[in-house]
Amino acid sequence: MRPRTLYLLTGLAAAMALGHHLDHAIRGNHIGWPLSDEVNAFTFSLGIYPVIAVGLWLYRSGRVGPGFWALVSGGGALFLSVIHFGPAALEPPHDIIGMYRPPIVGWLAFGWLVGLVLVLVITCLLELRAWHAARRGA
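Analysis parameters
- Residues numbered from 1 in each chain as written.
- Predicted model: local features only at pLDDT ≥ 70, side-chain atom pairs only at ≥ 80, totals over all residues.
- Heavy atoms only, no water.
- Helix = DSSP H or I, 4+ residues; strand = E, 2+ residues; numbered from the N terminus.
- Buried < 20%, exposed > 50% of the residue type's maximum accessible area, 1.4 Å probe, protein only.
- Contact = heavy atoms within 4.5 Å.
- Areas by Shrake-Rupley, 256 points an atom, 1.4 Å probe, with all protein chains shown as cover.
- Core = buried A, V, L, I, M, F, W, Y, C linked by side-chain atoms within 4.5 Å.

1. Side note on the overall build of the chain
Along its length, the chain carries 6 helices and 0 strands. When the helices and strands of the chain are placed in sequence order, the string is α-α-α-α-α-α. The dimensions of the chain, computed from C-alpha atoms along their principal axes, are 55 × 30 × 25 Å. Counting across all 138 residues of the chain, residues that qualify as buried make up 39%. Of the contacts formed within the chain by residues at least 6 apart in sequence, a portion of 60% connects residues at least 24 apart. When the accessible surface of the chain is split by element, carbon and sulfur atoms take 72% of a total near 8,200 Å².

What follows is the structure, encoded as structure tokens:
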């Protein structure tokens with residue numbers, strides 16, 4: 001994958017993650033430190049921003065490549081999916097949709113989350129393909 005594509009996808013994912021964190025703050029549910037005294041998944045998910053910043057620096061200096069980004073984006077998609085979807089979800093969709101009036105705003109916030117997960121999955125797949133191609137060419 002070309003570096004420009006990686007930067008665009010990473011920037012899009014970071015912006016969407018920030019939007020999702022802001023959504024948590026606006027809804028006021030499932031928030032953790034630094035917005036409340038509780039340490040929870042919200043708190044740990046804030047760690048993605050330094051990971052992205054350090055990852056971009058390491059990528060520009062040639063120390064990490066597509067395998068790193070596949071792990072970060074795939075791990076992010078998995079983390080969000082476990083937290084928000086499925087029967088054991090800690091923060092299920094109705095905790096997003098049901099917090100807004102009118103409900104369309106909740107559906108938009110939920111759509112934003114789904115879009116974030118899709119961006120992360122697409123980034124992971126593209127990076128896995130690039131990693132595989134680099135390893136095959138080596």
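This is not the end of the story, as more comes after the structure.
2. Some points on the nonpolar core
The biggest cluster of nonpolar side chains holds 15 residues, and the ones touching the most others in it are Leu-80, Ile-96, Phe-110, Leu-113, Leu-116, Val-117 and Leu-120. For Leu-113, the contacting residues outside a window of four places in its chain are His-20, Leu-80, His-84, Phe-85 and Ile-96. With 6 residues, the next largest nonpolar core counts Leu-6, Leu-58, Val-64 and Val-72 among its residues.

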